[in-house]
Amino acid sequence: MRAALHGDRVRVRVVRLDKKGRPEGRIVDIEERRPRPLIGRLLFEGGVWLVAPEDKRVTQDILIPKGGVAQARPGQVVAVELTEPPALYAQPVGRITEVLGDIDDPGLEIEIAVRKYEVPHEFSAAAVAQAAKLPEQIRAVDLKGRVDLRDVPLVTIDGEDARDFDDAVYCEPFRHGRGKKAVDAFRLLVAIADVSHYVKPSEALDVDAFDRCTSVYFPRRVIPMLPEKLSNGLCSLNPEVDRLCMVCDMVIDASGQTLAYQFYPAVMRSKARLTYTEVAAILVNTRGPEAQRRQDLVPHLLNLHAVYASLLGARDRRGAVDFDTPETQIICDDNGRIERIVPRTRNEAHRLIEEAMLAANVCAAEFLRDAEHATLFRVHEGPTAQKRTTLQAALRSLGVSHVLPDPLRPSDLQALAKGTRERPDHQQIHTLLLRSMQQAIYSPHNGGHFGLAYEAYAHFTSPIRRYPDLLTHRAIKAVLSGKSYALGKGESALAWWEQAGLRCSANERRADEASRDVEAWLKCRFMRDRLGEDYLGQVTAVTPFGLFVQLESLYVEGLVHITELGGEYFRFDEARQELRGERTGVRYGLGARMHVQVSRVDLDGRRIEFRLYREQESGRPAGKAAKGIGGKLPSSDAREQLRAVQEDERKLKRQRAERANAVKAARTDSARKQARGEAPRKGGAKKRR
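Along each chain, numbering runs from 1 in the same order as the chain's sequence is written. Totals for whole chains, interfaces and linings use every residue, but because this is a predicted model, local features are given only for residues with pLDDT of at least 70 and side-chain atom pairs only at 80 or more, for both listing and counting. In computing side-chain values, all of the structure's heavy atoms are included and hydrogens and water are not.

### Comments concerning the overall build of the chain
So, step 1. Segments assigned H or I by DSSP are reported as helices when at least four residues long, segments assigned E as strands when at least two residues long, and all are numbered from the N terminus. The number of helices and strands found in the chain is 15 helices and 28 strands.
So, step 2. Contact between two residues is taken to exist if any of their heavy atoms lie within 4.5 Å; hydrogens are not considered. Contacts in the chain between residues at least 24 apart in sequence constitute 66% of all its contacts with a sequence separation of at least 6.
So, step 3. Values of accessible area rely on a 1.4 Å probe in the Shrake-Rupley scheme; residue burial ignores everything except the protein chains shown. With the model as given, the accessible surface of the chain reaches about 36,000 Å², and the carbon-plus-sulfur share is 49%.

Below is the structure:
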C-alpha cells in the first residue's frame, strides 16, 4: 500500500487465502489516481511542511514544498492537490488549493465532511442557469391535463424547522361500492410535489441531482439535491400558493386494507402549513387553543387520525417491526456548537404522516409492478443465518429465552419486541434486534421489504430530496400515458436500472456517513470541555478491544478500552456479547450500567474515551452524585462484584506469601542445622491435619 492511497483504482493479483478463507492480494498496478483533493491539517515539523490527512484511511502524510503553502498557517485545515503520488520509498507531495479555516471555526466540520466524503456541495453553472430560467409561479400551460384540487383542503404536516414541503394529505369518509355491497371506508389523498415536471431527463438539473441522489442533512445546514429555487420554492408545497403535484388517491377500509387507488397529475393549493406538535395537540384536545386557531381543519384532521388508526391496525396484523430504539437530536447555538443533546420524541402526528406515506409508497410499487414497468424498489432483506445465530446468543446472554425460528419472519421479531417492552433493558434488546437487520437498498429486482412486511415497496413521497422518488414519478407518468420510461438506450435496459440502484444506494450511505462524521465531530468538541468529569452510562456494544458506553445524561457514546477494565486478561465472548476476566470471572455485557470518567477526546479521530471511575483519583467526596444524576449515586453490580473478587484475591495472595515465607524460613533453618552437623529428628515433624 506504500504506493497507493485510499480512493485509487488499482489492479490486484490474489496470492493466497488466509486462515478464514479470505483472499489476500498484492497491488500490481495503479490504474487511476483519486481525482479529488485530500483534506487535512497543516503542520510544520522539523523545518518541513506536512499535511496530516483528515481521513484516517489515508495513512501517509503529504509533503508540502515551501511554495505550495498558499498563505496557510500551521494548525489550519486545508485542501491538498497531489503533485507527486506516493512511491514505494517516497511520501506523496502536494500543494494547498484551499484553506478551510481554523479548527474551531463554526461550520468547519461540515466543510471537512463534504470534501472528505466527496459530497457534491456546489451546483454546476449549467444547473444554476437552468434553474434561473424557471418561472417563479406555475403558468396556465402547466395545468394542461391536470385534475384541479385547489378546492380540497390539503395540508402539509412537518417539523418546526422544515423548509421544503413535498407532501400534503387530506382524508374524508367514503362509501365504497354500490347497493348492499357498499362499505364504509376512507378516501385518503396523498399529494406529492411534481418535481418531474421541472427536472427532465439528461438536462443539467437532472445530471446534478443524479450526481447527489439525495439531500444531506447536518445540524443547522442542509445540502439539497435540487437548487433552492426548486426545493424551497417552485416545487415546495407552500401554503396558499398553487403548486403542481402527483396524487395517490386511495380508498382504505376500516381494517386498513387499500380497496382501490389511482395516480394522476394535479394542481393543488395547500390550506395550511401545520407542525407535528400542533397537530398532536389538536388530536389530544379538540377544544384547546391550537384547535381554536384551526377550527375549519379540525374535522379533516380527525378523519386523518381515523384512517391512521385503521392503517396502524393493519400494520400490527401484518407483523411489521417497530422497535423502541432511542433517537437523539442535537441542538446547536448560533456559533454551531452543541448546546444540548435531547431525545427525539415521536408523537401521533409523526406516526400519522408516516402511515399515510407508507400507504402511498406501497401503491406506487404495486402500480409499477402490475404494469411490468421497470423501477427502483426499496428492498430490505431479512437477517442472514449468521446474524440470526448471533442475535439468538446475545438474547440468551440477556436472559431472553425466546427461540428464533428459521426462517425468521418480521412478525417473530415484532412479537419479541412487544414481549420485552416492559423490561428495564428493553432498549438494549431492541437495539440488538435492529442491528440484526440488513441495510435496505434500491434495486430493480423486487425482493420485498422485510422490516415493513410488504411484498413490494418503492419510494414515491420525497422527490425533492431523493432521486429514486423522482424516477418513480417518471415511471408512473410513463405508464399513465401508455409509454415506457428508459434510463438508457440499448438492449440491456435492466442494466441501466441496476446501475442507478447501486449509485443511489451508495450515495445514500455516503450521505449517512458524512452526517455521522459531523455529529461525531460536534460531540467530541462538546466533550472536550468535560475532561475529567464522571457520568453514569450503559454498555451499548461489546468488542474484543473494549466496551462502548452511552452516557445516560448526555446521550454521548465513548469507548472504555479493555486496558481500563483491570490488570487481567479479558476474553471476548461473541455469542454472549460480553467480556469476561479469566482470573476474577467478572463480566461486562450489553446493558451493564457503569460509572465512567471522560479520560480522552481525539477530535481528529472522532473518538471519545472513558475509564472506570475511581473515587480516590477524583478527589471528590464519597457519595456525591455523578453528573446529570440527582441524589445518591447508585452502585454498579459489576463494580461491586469486581471489588469483592479483588479483595478476596488480595487476601489469598497475602496467605500464599505468608506460607511461602514460612516454608522458606523452615528450609533455611534446616540448611543451617545440616551445616552445623545436626541431624534432623527421626521420623520428622508430625504433620498438622
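Moving on from the model shown.
### What about the sheet that holds strand 10 (residues 167-176)?
So, step 1. One requirement defines pairing of two strands: DSSP has to find at least two bridges between them. On the basis of which strands lie adjacent, the open sheet formed by 5 strands has the order 8-15-14-11-10 and mixed pairing. A single partner strand is all that each edge strand has here, and the edge strands are strand 8 (147-148) and strand 10.
So, step 2. As judged from the 9 bridges shared by strand 11 (residues 183-193) and strand 14 (residues 242-253), these two strands associate in the antiparallel manner. Following the sheet pairing, Ala193 is matched in strand 14 by Cys245.
So, step 3. Helix axes are fitted only over the stretch in contact, all axes being lines through C-alpha atoms; the angle between N-to-C directions runs from 0 to 180 degrees. Relative to the sheet, helix 7 (residues 298-318) contacts strand 10, strand 11 and strand 14, its axis offset from that of strand 10 by approximately 80 degrees.

### Here we look at the layout of surface pockets
So, step 1. Put plainly, a pocket is an open set of points on a 1 Å grid over the protein atoms alone with protein on both sides within 12 Å along at least five of seven lines, a cavity is a set where a 1.4 Å probe fits but cannot get out, and a lining residue has an atom within 4 Å of a point. Grid points are joined across faces, edges and corners, and a volume is the space filled by probe spheres set on the points. A volume near 520 Å³ is recorded for the second largest pocket.
So, step 2. Taken together, 19 residues form the lining of the second largest pocket, with Gly7, Arg36, Tyr117, Glu118 and Arg510 sitting closest to its centre.
So, step 3. With 4 residues, the single largest contributor to the lining of the second largest pocket is helix 13 (residues 493-528).
So, step 4. Its residues assigned to classes, the lining of the second largest pocket comprises 3 nonpolar, 3 polar and 13 charged. Note on residue categories: nonpolar means Ala, Val, Leu, Ile, Met, Phe, Trp, Tyr, Cys or Pro, charged means Asp, Glu, Lys or Arg, and polar means any other residue, Gly included.

### Describing the packing of helix 7 against helix 8 (residues 348-370)
So, step 1. Running from N to C, helix 7 and helix 8 point in directions that differ by 70 degrees, and their axes come no closer than 9 Å. Here helix 7 lies roughly perpendicular to helix 8, going by the angle between them. Taken as a pair, helix 7 and helix 8 cross one another with a handedness that is left-handed. Facing helix 7, whose interface residues are Leu304, His305, Tyr308, Leu311, Leu312 and Arg315, helix 8 presents Glu348, Arg351, Leu352, Glu354, Glu355, Ala356, Leu358 and Ala359.
So, step 2. The residue makeup of the contact of helix 7 with helix 8, split by class, is 8 nonpolar, 1 polar and 5 charged. Throughout, the term roughly parallel applies to angles under 35 degrees, roughly antiparallel to angles over 145, roughly perpendicular to angles from 65 to 115, and oblique to all others. In this scheme the crossing of two helices becomes right-handed for a clockwise turn of the near helix relative to the far one and left-handed for an anticlockwise turn of less than a right angle.

### Points about the environment of Leu302
So, step 1. Tracing the sequence through the fold places Leu302 in helix 7.
So, step 2. Using a 1.4 Å probe on the protein chains alone, a residue whose accessible area is under 20% of its type maximum counts as buried, one over 50% counts as exposed, and one in between counts as partly exposed. On the basis of relative accessibility, which here comes to 39%, the residue Leu302 falls in the partly exposed class.
So, step 3. For Leu302 and Glu172, which are 130 residues apart along the polypeptide, the C-alpha to C-alpha distance reads 9.3 Å.
So, step 4. When residues no more than four places from it in sequence are discounted, the contact partners of Leu302 are Leu283 and Thr286.

### Quick word on the environment of Asp425
So, step 1. Assignment of secondary structure puts Asp425 in the loop between helix 10 (410-419) and helix 11 (426-435).
So, step 2. Linking Asp425 and Ala592, residues 167 residues apart in sequence, is a C-alpha distance of 9.2 Å.

### Observations regarding unusual backbone geometry
So, step 1. Backbone torsion omega between Asp406 and Pro407 reads 5 degrees, so that peptide bond is classified as cis.
So, step 2. Phi at Ala453 takes a positive value of approximately 60 degrees, unusual for a residue other than glycine.
So, step 3. Note that Ala453 resides in the loop between strand 20 (441-443) and helix 12 (467-480).
So, step 4. On the basis of relative accessible area, Ala453 is assigned to the partly exposed category, the value being 22%.
So, step 5. In this structure, Arg606 takes a positive phi of about 55 degrees despite not being glycine.

### Looking at empty space enclosed by the protein
So, step 1. Taken as a whole and assessed by the stated rule, the structure comprises 3 cavities of 30 Å³ or more.
So, step 2. As a volume, the largest cavity reaches approximately 70 Å³.
So, step 3. Every residue lining the largest cavity is listed: Arg34, Pro37, Leu38, Ile39, Pro53, Glu54, Asp55, Val58, Arg115 and Lys116.
So, step 4. Mapped by element, the contributors of at least two residues to the lining of the largest cavity are strand 3 (38-45) and helix 1 (108-116).
So, step 5. When the residues that make up the lining of the largest cavity are grouped by side-chain class, the tally is 5 nonpolar, no polar and 5 charged.
So, step 6. Roughly 50 Å³ of volume is contained in the second largest cavity.
So, step 7. Residue lining of the second largest cavity: Val119, Pro120, Arg212, Thr214, Ser215, Val216, Ile223, Pro224, Met225, Asn507, Arg510 and Ala511, and that is the complete set.
So, step 8. For the lining of the second largest cavity, the leading source of residues is helix 13, giving 3 residues.
So, step 9. A breakdown of the residues in the lining of the second largest cavity according to their chemical character gives 7 nonpolar, 3 polar and 2 charged.

### Focus: the side chain of Asn361
So, step 1. Counting through the fold element by element, Asn361 comes out in helix 8.
So, step 2. By relative accessible area, Asn361 is classed as buried at 3%.
So, step 3. At 2.9 Å, the side chain of Asn361 forms a polar contact with the backbone nitrogen of Phe460.
So, step 4. Excluding residues within four positions of it along the chain, Asn361 makes contact with Tyr457, Ala458, His459, Phe460 and Thr461. Here a polar contact is recorded for every N or O atom pair within 3.5 Å, except that within protein the pair must consist of a potential hydrogen donor and a potential acceptor, and residues adjacent in sequence are included only if both atoms are side-chain atoms.

### Looking at the sheet that holds strand 21 (residues 534-543)
So, step 1. Within the closed barrel, the 5 strands sit side by side as 21-22-23-28-27. Their pairing is mixed. Put simply, the sheet's adjacent strands are angled 50 degrees from each other on average, direction ignored.
So, step 2. Pairing between strand 21 and strand 22 (residues 546-551): 6 bridges, direction antiparallel. What sits directly across from Gly537, in strand 22, is Leu551.
So, step 3. Here helix 13 sits on the sheet in contact with strand 21, strand 22, strand 27 (593-602) and strand 28 (607-612), set at roughly 100 degrees to strand 27.

### Comments concerning the packing of helix 2 (residues 125-133) against helix 3 (residues 204-212)
Helix-helix packing is described using two parameters, namely the angle between the two axes and the distance between the axes.
So, step 1. Their axes nearest at 8 Å, the elements helix 2 and helix 3 cross at an angle of 125 degrees. Judged by the inter-axis angle, helix 2 sits oblique to helix 3. Between helix 2 and helix 3 lies a crossing whose hand is left-handed. Between helix 2 and helix 3, the contacting residues are Ala126, Ala127, Gln130 and Ala131 on the first element and Ala204, Leu205 and Asp208 on the second.
So, step 2. A breakdown of the residues in the contact of helix 2 with helix 3 according to their chemical character gives 5 nonpolar, 1 polar and 1 charged.

### Describing helix 12
So, step 1. By definition here, a helix of n residues has an expected span of 1.5 Å times n minus one. Here helix 12 is 14 residues long and its end C-alpha atoms lie 20 Å apart, about the 20 Å a rise of 1.5 Å per residue gives.
So, step 2. In terms of burial, helix 12 is a largely internal element, 11 of the 14 residues being buried.
So, step 3. All of the buried residues in helix 12 are Tyr467, Pro468, Asp469, Leu470, Leu471, Thr472, His473, Arg474, Ala475, Ile476 and Ala478.
So, step 4. One or two residues past the end of helix 12 sits Gly482, with phi positive at roughly 75 degrees.

### Some words on the side chain of Thr375
So, step 1. Along the polypeptide, Thr375 turns up in the loop between helix 8 and strand 19 (377-379).
So, step 2. Ignoring sequence-local partners within four residues, the contact set of Thr375 consists of Leu368, Ser443, Pro444, Thr472 and Trp497.

### Some details on the confidence of the model for the chain
So, step 1. Averaged over every residue, the pLDDT of the chain is 87; residues scoring 70 or more account for 89%.
So, step 2. Predictor confidence is given residue by residue as pLDDT, running from a minimum of 0 to a maximum of 100. Considering only residues more than four positions removed or in separate chains, one finds that residues 621-636, a stretch of pLDDT under 50, has 27 contacts.
So, step 3. Segment residues 678-689: pLDDT under 50, and 1 contact once partners within four positions in sequence are set aside and those in other chains are kept.

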